[in-house]
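Listed below, chain by chain, are the residues.
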Amino acid sequence: ILLFFAGIPKTPFIPNTIISMVQPNSAAHKYALQAGDRIIAINNEIVQDNIQKLQQTIEPLALKEVPVTIERNGERITKTIMIGVKTGEQGETG
């Protein structure tokens, strides 16, 4: 995923909470997130279309499992996801 839950760049160039890409073997791939999924809520906090709200919501949740609601093809789906975990060559890191 280009936008990892931890370390999302604080930039005005990201206008919404739509996942643009999912990398193979990434945390997003592990949790079956897909490019085009729109992040609606994290830990029951609405963050839809507000990247700053998304960043503020996830910062205190690093390495915690929380409900994440996404919208995919018009359907809302809630998954339990560990925030701040990304899988790389070295394994999982926070």
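Refer to the structure presented above.
Here's a quick rundown of the structure. Quick caveat: nothing in here was measured; it's all calculated off a predicted structure. (Residues numbered from 1 in each chain as written. Predicted model: local features only at pLDDT ≥ 70, side-chain atom pairs only at ≥ 80, totals over all residues. Heavy atoms only, no water.)

Its location among the elements puts T69 in strand β3 (residues 65-72). A distance of 3.0 Å separates the side chain of T69 from the side chain of T78, its partner in a polar contact. Not counting residues within four places of it along the chain, the set of residues in contact with T69 comprises R38, I39, I40, A41, R76, I77 and T78. (Helix = DSSP H or I, 4+ residues; strand = E, 2+ residues; numbered from the N terminus. Polar contact = N/O pair within 3.5 Å; in protein donor to acceptor, adjacent residues only side chain to side chain. Contact = heavy atoms within 4.5 Å.)

The next subject is the pairing of β3. With 4 bridges connecting them, strand β1 (residues 38-42) and β3 associate as antiparallel partners. Residue pairing across strands places I42 opposite V68, the latter belonging to β3. In terms of strand pairing, β3 meets strand β4 (residues 75-82) through 8 bridges, oriented antiparallel. Residue pairing across strands places T69 opposite T78, the latter belonging to β4. Linking β3 to β4, which pair antiparallel, is a turn of 2 residues; within it N73 sits at a positive phi near 55°. (Pairing = 2+ DSSP bridges.)

Turning to the pairing of β1, a few remarks are in order. Along β1, 4 of the 5 residues are buried, which leaves the element largely enclosed by surrounding structure. Between β1 and strand β2 (residues 45-46), which pair antiparallel in sequence order, lie 2 residues; one of them, N43, sits at a positive phi of approximately 55°. (Buried < 20%, exposed > 50% of the residue type's maximum accessible area, 1.4 Å probe, protein only.)

Backbone geometry places L63, a non-glycine residue, at a positive phi of 65°. Locating L63 in the fold gives a position in the loop between α2 (51-58) and β3. Positive phi, normally seen in glycine, also occurs at N73, with a value near 55°. Along the chain, N73 turns up in the loop between β3 and β4. What makes N73 exposed here is its relative accessible area of 81%.

Taken together, the buried positions of α2 are occupied by I51, L54, Q55, T57 and I58. End-on, the buried residues of α2 take up no more than an arc of 165°, which puts them together on one face. Contact partners of the buried residues in α2: β1 and β2. For α2, the side-chain oxygen to backbone nitrogen distance between the N-cap and Q52 is 3.2 Å, and the N-cap itself is N50. (Arc of directions from axis to C-beta.)

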